[in-house]
Amino acid sequence: LKSPEQAVEQSAVAKVSLLQQELSDRRNALLESKLNLGRKRKQSSSPTPSNTVLRAQAPAYQPSEKNRDELKVQVLRMQLRKKTTKLRAEAAWYQPSQKAPETLPPLVVPTPKTVVDKPEELPGELGEYITADVALLQELGWSKFVQQLRSRSDFTNLENVHHPAKRLLKFYRERGAPVKLSTQAWTQQRIRTAMKRGPHKSCHEYMDFLREEFWDMRSKSQWVVLPYSVVKDLPGLRISPPGVVPQRDRRPRWIVDYSFSDVNAETLPLAAVESMQFGHALDRILREVLLADPALGPVQLLKVDISDGFYRINLNVGDIPKLGVAFPTKPGEEELVALPLVLPMGWKNSPPIFVTATETIADLTNQRLKSNIQHHPHHLDDAAEAVPSPAPPIFPPSILRPPCRALPGYSPAPRSQHQRRVRWRGKYVKTAPIGTPTPTSRDPCLPKRAQPVSYVDVFVDDFVALAQQSGNSRRVRRTLLHAIDDVLRPIDKLDSPQRREPVSLKKLKQGDCSWGTIKNVLGWIVDTVAMTVHLPLHRAERLAEILASIPITQKRTSVKKWHKVLGELRSMSLALPGARHLFSHMQHALSTKIKTRVNLNRGVHDALQDFRWLLRDLQRRPTRIAELVPLLASAEGHHDASGKGAGGVWFPAKHLVPRKGYKNAPVLWRLKWPKYIIDKLVTSKNPDGTISNSDLELAGGLLHLEAIAQCFDVQSCPPLQKRND
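What counts, and where the lines are drawn
Residues numbered from 1 in each chain as written. Predicted model: local features only at pLDDT ≥ 70, side-chain atom pairs only at ≥ 80, totals over all residues. Heavy atoms only, no water. Helix = DSSP H or I, 4+ residues; strand = E, 2+ residues; numbered from the N terminus. Buried < 20%, exposed > 50% of the residue type's maximum accessible area, 1.4 Å probe, protein only. Contact = heavy atoms within 4.5 Å. Areas by Shrake-Rupley, 256 points an atom, 1.4 Å probe, with all protein chains shown as cover. Core = buried A, V, L, I, M, F, W, Y, C linked by side-chain atoms within 4.5 Å. Pairing = 2+ DSSP bridges. Axes fitted to C-alpha atoms, helices over the stretch in contact; angles between N-to-C directions. Phe/Tyr/Trp six-rings, centres within 6.5 Å; stacked < 30°, edge-to-face > 60°. Lys NZ or Arg CZ within 6 Å of the ring centre and 35° of its normal. Salt bridge = Lys/Arg side-chain N within 4 Å of Asp/Glu carboxyl O. Expected span 1.5 Å × (residues − 1). Arc of directions from axis to C-beta. Parallel < 35°, antiparallel > 145°, perpendicular 65-115°, else oblique. Left-handed = near helix turned anticlockwise from the far one by under 90°.

### Focus: the overall build of the protein chain
Next, step 1: When you go through the protein chain residue by residue, the secondary structure sums to 21 helices and 21 strands.
Next, step 2: Split into buried and exposed, the 725 residues of the protein chain put 42% on the buried side.
Next, step 3: A sequence separation of at least 24 residues applies to 76% of the contacts in the protein chain between residues at least 6 apart.
Next, step 4: Carbon and sulfur atoms make up 55% of the accessible area of the protein chain, which amounts to about 43100 Å² in all.

### Re the nonpolar core
Nonpolar side chains in soluble globular proteins tend to be buried together.
Next, step 1: With 90 residues, the main nonpolar core has Trp142, Phe214, Trp223, Trp254, Leu339 and Phe463 as its most contacted residues.
Next, step 2: Broken down by element, this core gets its largest block of residues, 8 residues, from helix α12 (residues 350-370).
Next, step 3: Ignoring anything within four residues of it in the chain, the contact list for Trp254 reads Phe209, Leu210, Glu213, Phe214, Met217, Trp223, Pro242, Gly243, Val244, Tyr311, Val325 and Met345.
Next, step 4: Among the nonpolar cores identified, the runner-up in size contains 54 residues, and Val453, Trp524, Met531 and Val598 belong to it.

### Structural notes on the sheet that holds strand β6 (residues 324-327)
Next, step 1: Taken in spatial order, the 4 strands make up an open sheet running β1-β7-β6-β2, and their pairing is mixed. Single-partner strands in this sheet number two, and they are β1 (223-227) and β2 (239-240).
Next, step 2: Here β2 runs beside β6; their pairing, made up of 2 bridges, is parallel. Counted as the bridge partner of Ser240 is Val325 from β6.
Next, step 3: Against the sheet, helix α4 (residues 124-140) touches β1, β6 and β7 (336-340), its axis set at about 75° to β1.

### Some details on unusual backbone geometry
Next, step 1: A positive phi angle is found at Ser221, which is not glycine, with a value near 60°.
Next, step 2: On the secondary structure map, Ser221 appears in the loop between α8 (207-219) and β1.
Next, step 3: Under the relative-accessibility criterion, Ser221 is labelled buried at 17%.
Next, step 4: The backbone of Met531 sits at a positive phi, close to 60°, despite the residue not being glycine.

### Re the environment of Lys201
Next, step 1: Within the secondary structure, Lys201 sits in the loop between α7 (188-197) and α8.
Next, step 2: By relative accessible area, which is 65% here, Lys201 ends up exposed.
Next, step 3: A C-alpha to C-alpha distance of 9.1 Å links Lys201 and Pro242, two positions 41 residues apart in sequence.

### Section: the sheet that holds strand β14 (residues 532-534)
Next, step 1: What the 4 strands build is an open sheet, ordered β12-β13-β14-β17; its pairing is antiparallel. Every interior strand has two partners, whereas the edge strands, β12 (518-521) and β17 (623-624), have only one.
Next, step 2: Here 2 bridges tie β14 to β17, and the two strands are oriented antiparallel to one another. Within β17, the position partnered with Val533 by the bridge is Thr623.

### A short note on the packing of aromatic side chains
Next, step 1: In total, this model carries 9 aromatic pairs according to the counting rule given.
Next, step 2: Taking 5.0 Å as the distance between ring centres and 70° as the angle between the ring planes, the aromatic pair formed by Trp223 and Trp254 counts as edge-to-face. Pair noted here: Trp223 is in strand β1 and Trp254 is in strand β4 (residues 253-256), with a separation of 31 residues, a long-range link. For the pair shown, Trp223 and Trp254 are each scored as buried.
Next, step 3: Among the aromatic residues, ring-to-ring pairing joins Phe214, Trp223, Trp254 and Phe327 into one connected group.
Next, step 4: The cationic tip of Arg539 hangs over the ring face of Trp524; the distance from NZ or CZ to the ring centre is 5.5 Å.

### A few points about the pattern of salt bridges
Once the charged atoms of two side chains with opposite charge are near each other, the side chains can pair.
Next, step 1: Per the counting criterion, the structure on display carries 30 salt bridges.
Next, step 2: Arg238 is paired through a salt bridge with Glu266; the nearest N and O atoms lie 2.7 Å apart. Linking Arg238 in the loop between α9 (228-231) and β2 with Glu266 in helix α10 (residues 263-266), this pair joins segments that are 28 residues apart in sequence.
Next, step 3: The class of Arg238 is buried, set by a relative accessible area of 2%.
Next, step 4: Note on Glu266: relative accessible area 12%, which makes it buried.
Next, step 5: Measuring nitrogen to oxygen at the nearest pair gives 2.9 Å for the salt bridge that ties Arg368 to Asp486. In this pair, Arg368 is assigned in helix α12 and Asp486 in helix α14 (residues 470-487), connecting sequence segments 118 residues apart. Each member of the pair, Arg368 as well as Asp486, carries the same accessibility label: buried.
Next, step 6: The network of salt bridges with shared partners includes Arg152, Asp154, Asp216, Lys220, Asp308, Arg312, Arg489, Asp492, Asp495, Arg499 and Arg500.

### Observations regarding helix α21 (residues 693-711)
Next, step 1: For α21, spanning 19 residues, the distance from its first C-alpha to its last is 28 Å, which sits close to the expected 27 Å at 1.5 Å a residue.
Next, step 2: Residues Leu696, Glu697, Gly700, Gly701, His704, Ala707, Ile708 and Cys711 constitute the buried set of α21. Each buried residue of α21 lies within a common arc of 150° when the element is viewed along its axis, so the set occupies one face. Those residues of α21 that are exposed and aimed more than 90 degrees away from the buried face are Leu698 and Leu702.

### Here's the deal with the pairing of strand β10 (residues 454-459)
Next, step 1: Pairing of β10 with strand β11 (residues 462-467), which is carried by 6 bridges, proceeds in the antiparallel orientation. Pairing of Phe459 across the sheet is with Asp462, part of β11.

### Focus: the packing of α4 against helix α5 (residues 142-149)
Next, step 1: Look at α4 against α5: their axes get within 7 Å of each other, and the N-to-C directions meet at 130°. Taken together, the axes of α4 and α5 are oblique relative to one another. By crossing handedness, the relation of α4 to α5 is classed as right-handed. Here Asp133, Leu136, Leu137 and Leu140 of α4 lie close against α5, whose contacting residues are Trp142, Lys144, Phe145, Gln148 and Leu149.

Below is the structure:
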């Protein structure tokens, strides 16, 4: 097709050429007429007549014919000028195109038709599932296709659930978890761009693992894998990249990066976020252990794991395409898309939706334990009783080895048991060994409970039960198993062979469901007899590697590495006394980052140095549970200090046990400052002093604590001190 500029240009050129041709023809005719007139004059041989004779004899047509021809020529010239001027005026606005002149298309020689090879099909059982699912989808349509794959929900009818979350769980059972986003659906171009990018590079290293994993999940109707050409027109389709995370002593775990595709950022928070209470699960468990009465026997621990976790709760049928995943394929294979039929790992709302179910199970169990409800035997009782608890790990003299990337001169400090001599008040006195010794008996100052411990808590999908006495422990486990069956449906005859029990039988056979006084609880070794907790060996070594990777001389690091360091330190600080308050400077460094770099100032290195001190302290002794559990104040005290001296008073609680020579009565103390301290105090008369009134206040606070410690054993019962500023 020609452009308008090209059409105008060709029309003007054609008109000008026609006018030039017409003018040339008329010029030639005029010249020919002049030549004929000259020939006629030369042929006449008669002499020139006089004027009178000419007037009488000359014919009248000769001059008139000449004038007529000349007039015709002049008229034609004028018409030609007018037409030329008009055409020039019409084309004055037009500028010729600067484009290269069009050329004829190249000559194409027809070639014989060739058969294009189809993309290679995925081999194995997963490929058979894909072929069958494509045929079924084209026959039934999307909604009926999903309904046929997952005909039944993993939730029960919830008749025995008396809990505020019952209505929400019924909604998830009947309609599935909703996926509502704050933005419009993706365009085909954006979907195609996400497919071209494909999965994370970590998936290519675990291609065989992913195909085996998705075959297993497809057999359980948890995920479905379909060709991109089949699902590209599904309403609301979005594509996110998957990745694979290696795990210690376990199979790799695959997860979807819904944050990269902005699906998490655009997801509306419609889940019950307040149900996520697992952040303080370890604190609650340790508190129950600490407050248990040892006269009723040691506290026994067991763990129950939910198999398949998030995959127990279905998604809403119409919202499934919004959580699509680019399935990794080899070169030459057809592009595939994986679609979750259940809650996927990595989606923002998966944890709160799933935890709504597990927290409901824990609440039901504790309610029934308090009400002393007796349940009939459970079908897993005998299997749990038959497996003994695994052998407890032995706390070694030194749980640390030098890290791989240690600082110059790094070596674990030897365990010191000898006493040191220090000078105190002009005399040399002996100090206790470094590190507080592990207590051999329960602190008598701790409050007691009349009933044996019967408690269940949960961390996402890991239930932890506590019990005292053999008969009571059997009741606690049975109550927990029945509560799980009241929310998550156990296996029946109508289920497929691939569906598994809600309780993980694999973990049960390993001894997790068996009672023991030493258990690995949420990544910590908890000993309920010695009342201690410590890191496993591999986590202690990992802590040493983290601290050794950031030398004191380092000035900055990347944001990605700093996020990883903070995450691992926070997970380990849960059972390190005093570690929870060491993150102020480290968190502030992250908030003041410059682009992708974090400045490591003096405050950050001081906090890391405190963690190194805690690391050295780990090898001397395990952490006492009493150091981690906050309790109500066992004594209230008030103190003050001035330039003359300091003093205070303590009011102990009734359960505090006094030391030898003291009794449970208020403690009053006072102290006059020595003369050399008074002489260094900053006053109007002594502006060059080195001791301020604030220093005296801090010293008075230390003396105040020393006074209560001399009269009562308050290692496990923290006192509350107040001062008057």
